Amino acid sequence: AQSVTQLGSHVSVSEGALVLLRCNYSSSVPPYLFWYVQYPNQGLQLLLKYTSAATLVKGINGFEAEFKKSETSFHLTKPSAHMSDAAEYFCAVSGRRNTPLVFGKGTRLSVIA
Amino acid sequence: SAVISQKPSRDICQRGTSLTIQCQVDSQVTMMFWYRQQPGQSLTLIATANQGSEATYESGFVIDKFPISRPNLTFSTLTVSNMSPEDSSIYLCSVESRDRFADTQYFGPGTRLTVL
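Residues numbered from 1 in each chain as written. Chains lettered and ligands numbered in written order. Predicted model: local features only at pLDDT ≥ 70, side-chain atom pairs only at ≥ 80, totals over all residues. Heavy atoms only, no water.

Colleague: I'd like to hear about the side chain of aspartate 87 of chain B, residue by residue, with values.
Modeller: Residue and element names in this part refer to chain B. Tracing the chain through its elements places aspartate 87 in the loop between strand E8 (75-80) and strand E9 (89-98). Classification of aspartate 87 as buried rests on a relative accessible area of 5%. Apart from residues lying up to four places away in sequence, aspartate 87 is in contact with Arg36, Lys65, Phe66, Val80, Asn82, Leu113 and Val115. (Helix = DSSP H or I, 4+ residues; strand = E, 2+ residues; numbered from the N terminus. Buried < 20%, exposed > 50% of the residue type's maximum accessible area, 1.4 Å probe, protein only. Contact = heavy atoms within 4.5 Å.)

As structure tokens, then:
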């Protein structure tokens, strides 16, 4: 079974500051890990994914995440926040092919000018 | 990647009626998944739809309330039956597509349902 915990339902950063969104997972099998972003009134867009290849994964819009097995974490970072990054971010896990995703509760990112 | 479309994009319905949501994918896929996102909440899996067999429902969701059809490898429908205001949510379908390096789940744009 899989589960995801996102620490912090709301994160607020200043424009240009580091963005760090935390995600810890639990999985009984080697996981596939994902970060999705949802802008207001829109669907889910894939930011990046971990597939058991490189532990540091680069995604779109300057985001990246590092898989740390020892810490069961997959935190999302971006060096410099932009106003357009304000959205809801979801971490998700799956265990193998053709299985549904298990989502965290989401973290709402606010960017302050 | 997979391109997924959903119809309708949004609807406002009266209590007690039913709504059928369509999900169309631009490629053949084995599994399709239906999720619900209640206001301000995360996504919860409703059911998994495999072509040619009955859908598999998650705990708390039943076929009488959320009947699903999967007539072929590119299409599925979800019906929300006998609706109540508690059914007001965004309903999303997703599919798994094999990207260059791994399997990735892609989501449709969602159907925003409001029940009065």
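Let us keep going from here.
Colleague: Residue-level account of the sheet that holds strand E1 (residues 4-7) of chain B, with values.
Modeller: Residue and element names in this part refer to chain B. Spatial ordering of the open sheet is given by E1-E3-E8-E7, a layout of 4 strands whose pairing is antiparallel. Edge strands, defined here as strands with exactly one partner in the open sheet, are E1 and strand E7 (68-72). Mean inter-strand twist for the sheet, computed between neighbouring axes without regard to direction, equals 15°. Examined bridge by bridge, E7 and E8 share 3 bridges and lie antiparallel to one another. Residue serine 69 lies in a different strand from E8, and its bridge partner there is threonine 77. (Pairing = 2+ DSSP bridges. Axes fitted to C-alpha atoms, helices over the stretch in contact; angles between N-to-C directions.)

Colleague: I'd like a description of the interface of chain A and chain B, backed by residues and values.
Modeller: When the parts of a complex come together, some accessible area is lost, and that lost area is often taken as the interface size. In this assembly, 21 residues from chain A lie in contact with 22 residues from chain B. Between chain A and chain B lies a buried interface of about 1,700 Å² when both sides are counted; carbon and sulfur atoms form 53% of it. Run the count over chain A and chain B and you get 0 salt bridges. Summed over the shared surface of chain A and chain B, the result is 6 residue pairs in polar contact (both at pLDDT 80 or more). Counting residues per element, the ones that place at least two in the side of chain A that touches chain B are strand E4 (32-38) and strand E5 (44-50) of chain A. Among the elements that take part in the side of chain A that touches chain B, E4 of chain A stands out by supplying 4 residues, more than any other. Taken together, the residues of the side of chain A that touches chain B break down into 9 nonpolar, 8 polar and 4 charged. (Buried area = accessible area lost by both parts, 1.4 Å probe. Salt bridge = Lys/Arg side-chain N within 4 Å of Asp/Glu carboxyl O. Polar contact = N/O pair within 3.5 Å; in protein donor to acceptor, adjacent residues only side chain to side chain. Nonpolar A, V, L, I, M, F, W, Y, C, P; charged D, E, K, R; others polar.)

Colleague: Got a sec to walk through the side chain of glutamate 96 of chain B? Specific residues and values, please.
Modeller: Tracing the backbone through its elements, the reader meets glutamate 96 of chain B in strand E9. With a relative accessible area of 8%, glutamate 96 of chain B lands in the buried category. Among all residues touching glutamate 96 of chain B, those that are not within four sequence positions of it are Arg96, Arg97, Asn98 and Thr99 of chain A together with Val29, Met31, Asp103, Thr104 and Gln105 of chain B.

Colleague: Hey, could you go over the pattern of salt bridges for me, with residue numbers and the actual values?
Modeller: Inspection of every chain in the model, using the stated rule, returns 3 salt bridges over all chains. Here glutamate 64 of chain A ties to lysine 58 of chain A by a salt bridge, and the two come within 2.8 Å at their closest N and O atoms. Given a relative accessible area of 23%, glutamate 64 of chain A falls into the partly exposed group. A salt bridge links aspartate 87 of chain B to lysine 65 of chain B; its shortest N-O distance comes to 2.7 Å. Residue aspartate 87 of chain B is found in the loop between E8 and E9, and its partner lysine 65 of chain B is found in the loop between strand E6 (56-57) and E7; the two are separated by 22 residues along the sequence.

Colleague: Please provide a residue-by-residue account of the environment of proline 100 of chain A, values included.
Modeller: You can see proline 100 of chain A is positioned in the loop between strand E9 (87-94) and strand E10 (102-103). What makes proline 100 of chain A partly exposed here is its relative accessible area of 24%. As a C-alpha pair, proline 100 of chain A and methionine 83 of chain A span 17 residues in sequence and 32 Å in three-dimensional space. In this structure proline 100 of chain A touches Val93 and Ser94 of chain A together with Phe33, Tyr35, Leu45, Thr48 and Gln105 of chain B, once residues within four positions along its chain are discounted.

Remember, this is a structural readout, not a statement about activity or role.
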